[in-house]
Amino acid sequence: MTLTQLRYAITVANSSSMNEAARKLYISQPSLSSAIKELEEEIGVELFRRTNRGISVTPEGEEFMGYARQVVEQYALIESKYVSKEKERKKFSVSMQHYTFAVSAFVQMVKQFGMDEYEFAVHETRTYDVIQDVKNFKSEIGILYLNDFNRKVLTKLFHESNLEFHKILECSIYVYMWKGHPLADKEEITLEQLREYPCLSFEQGGYNSFYFAEEVLSTYEYKRLIKADDRATLLNLMVGLNGYTLCSGIICEELNGSDYCAVKLKSDEVMTIGYLVRRGVTISPLGQKYLEEISRYKDKALR
């Protein structure tokens, strides 16, 4: 296995066809196909499926690409530092479900380290993608939650993906809504009281199993349900339609503004919010600082 083969495989994975990848690499299509075939035979894994419509990466290939990208990126760092003598910026990336406090912790970390010597990335995304991002080295850390309903399924997936889950905090369930909502002044709300208002949920795409839902009580038969892709849309729907979502109750007014509130839901459900990392991999100083910042929200979790 050579570094050139890894670069070839990554380019193919980022292309719609072998011909397109060959053009990007400035080599002939037969030469590229031969190099990929030799690589697949050497590692004993089919990386790509070839069809009349083009090529696609196999599930085994996705895992391989995660390692391949890390090797190529690490080589580029060594080359820039010791061969080109360039000053390479250190990188840190985190993937998360839609938690404002997780974004706020990221902001605080970036402020402390500055952006001159570091390159940061934050991916507020779907549950399955959080897991895949950490598994495939796109992100060092992933932030998501477990509860009694999804714990067994997700823990099994973590194990299969060679990931570890660590608890950050536990919290009760809260109804997040805008302060002009008719129920905003209540001390506690039941699901029955919420029945006539639209429940807002984050879209999970192809992995829309109840176990991947970002909101607890995902199997409840809501009379009105609206799915959205991003937090800004969700907030607009709260104001425009008196919608609500179920959350941890941790309020970050510095990012969402002061027009929203969290009211306790009458439920015994408990969320365990934690972080995912690759098993056996040492967390970087940037990652450790991020976890330090996010742990500050333990005391802000409403009970």
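Small disclaimer: the values here were computed from a predicted structure and weren't measured.

Asks: Which residues make up the environment of Lys167, and what are the values?
Replies: Its location among the elements puts Lys167 in strand S6 (residues 163-172). Here Lys167 falls in the exposed class, since its relative accessible area comes to 53%. For the pair formed by Lys167 and Ala232, sequence separation is 65 residues and the distance between their alpha carbons is 27 Å. Here Lys167 is in contact with Thr272, Ile273 and Gly274, once residues within four sequence places are set aside.

Asks: If you had to explain the packing of aromatic side chains to someone new, which residues and values would you point to?
Replies: All chains considered together, the criterion is met by 15 aromatic pairs. Note on Tyr99 and Phe101: the rings are 5.4 Å apart at their centroids and 35 degrees apart in plane angle, and the pair reads as tilted. Under the relative-accessibility criterion, Tyr99 is labelled buried at 7%. Take Phe101: its relative accessible area is 1%, and that puts it in the buried class.

Asks: Would you mind going over the pattern of salt bridges in detail, with residue names and values included?
Replies: Overall, the coordinates contain 11 salt bridges when judged by the stated rule. The shortest N-O distance in the salt bridge between Glu40 and Arg50 comes to 3.2 Å. Separated by 10 residues along the polypeptide, Glu40 in helix H3 (residues 29-43) and Arg50 in strand S1 (residues 48-51) bring together distant segments of the chain. One salt bridge in this structure joins Glu196 and Lys223, with 3.0 Å as the shortest N-O distance. Of this pair, Glu196 sits in the loop between strand S8 (188-189) and strand S9 (199-202) while Lys223 sits in the loop between S9 and strand S10 (225-228), and the two are 27 residues apart along the sequence. Looking at Glu196, the relative accessible area reads 40%, which means it is partly exposed. The class of Lys223 is partly exposed, set by a relative accessible area of 45%. Among the charged side chains, a network of salt bridges with common partners joins Lys289, Glu292, Glu293 and Arg296.

Asks: How would you summarise the sheet that holds strand S7 (residues 174-178) if you had to cite specific residues and measurements?
Replies: As summarised here, the arrangement of the 4 strands in space is S8-S12-S7-S11, forming an open sheet in which the pairing is mixed. Unpaired on one side and paired on the other, S8 and strand S11 (245-247) mark the two borders of the sheet. For S8 and strand S12 (residues 260-265), the ladder comprises 2 bridges, and the chain directions are parallel. Opposite Glu188, over in S12, you have Lys264 as the bridge partner.

Asks: For the nonpolar core, give the residues involved together with the corresponding values.
Replies: Ile141, Ile143 and Tyr290 are the most contacted members of the largest nonpolar core, which totals 47 residues. For this core, the element with the highest residue contribution is helix H5 (residues 100-113), accounting for 7 residues. By size, the runner-up hydrophobic cluster in this structure holds 19 residues, among which are Val12, Met18, Ala22 and Met65.

Asks: Describe in detail the environment of Val270, supporting the description with residues and values.
Replies: Looking at the secondary structure, you find Val270 in strand S13 (residues 270-278). Its relative accessible area of 38% is what places Val270 among the partly exposed residues. The sequence separation of Val270 and Asn147 amounts to 123 residues, and the corresponding C-alpha distance is 6.3 Å.

Asks: Explain the pairing of S1 to me, using residue names and the numbers behind them.
Replies: Summarising the sheet, S1 and strand S2 (residues 54-57) pair through 4 bridges and their orientation is antiparallel. The residue of S2 that forms the bridge with Thr51 is Gly54. Where S1 folds back on S2, the antiparallel hairpin that results is connected by 2 residues.

Thresholds applied
- Residues numbered from 1 in each chain as written.
- Predicted model: local features only at pLDDT ≥ 70, side-chain atom pairs only at ≥ 80, totals over all residues.
- Heavy atoms only, no water.
- Helix = DSSP H or I, 4+ residues; strand = E, 2+ residues; numbered from the N terminus.
- Buried < 20%, exposed > 50% of the residue type's maximum accessible area, 1.4 Å probe, protein only.
- Contact = heavy atoms within 4.5 Å.
- Phe/Tyr/Trp six-rings, centres within 6.5 Å; stacked < 30°, edge-to-face > 60°.
- Salt bridge = Lys/Arg side-chain N within 4 Å of Asp/Glu carboxyl O.
- Pairing = 2+ DSSP bridges.
- Core = buried A, V, L, I, M, F, W, Y, C linked by side-chain atoms within 4.5 Å.

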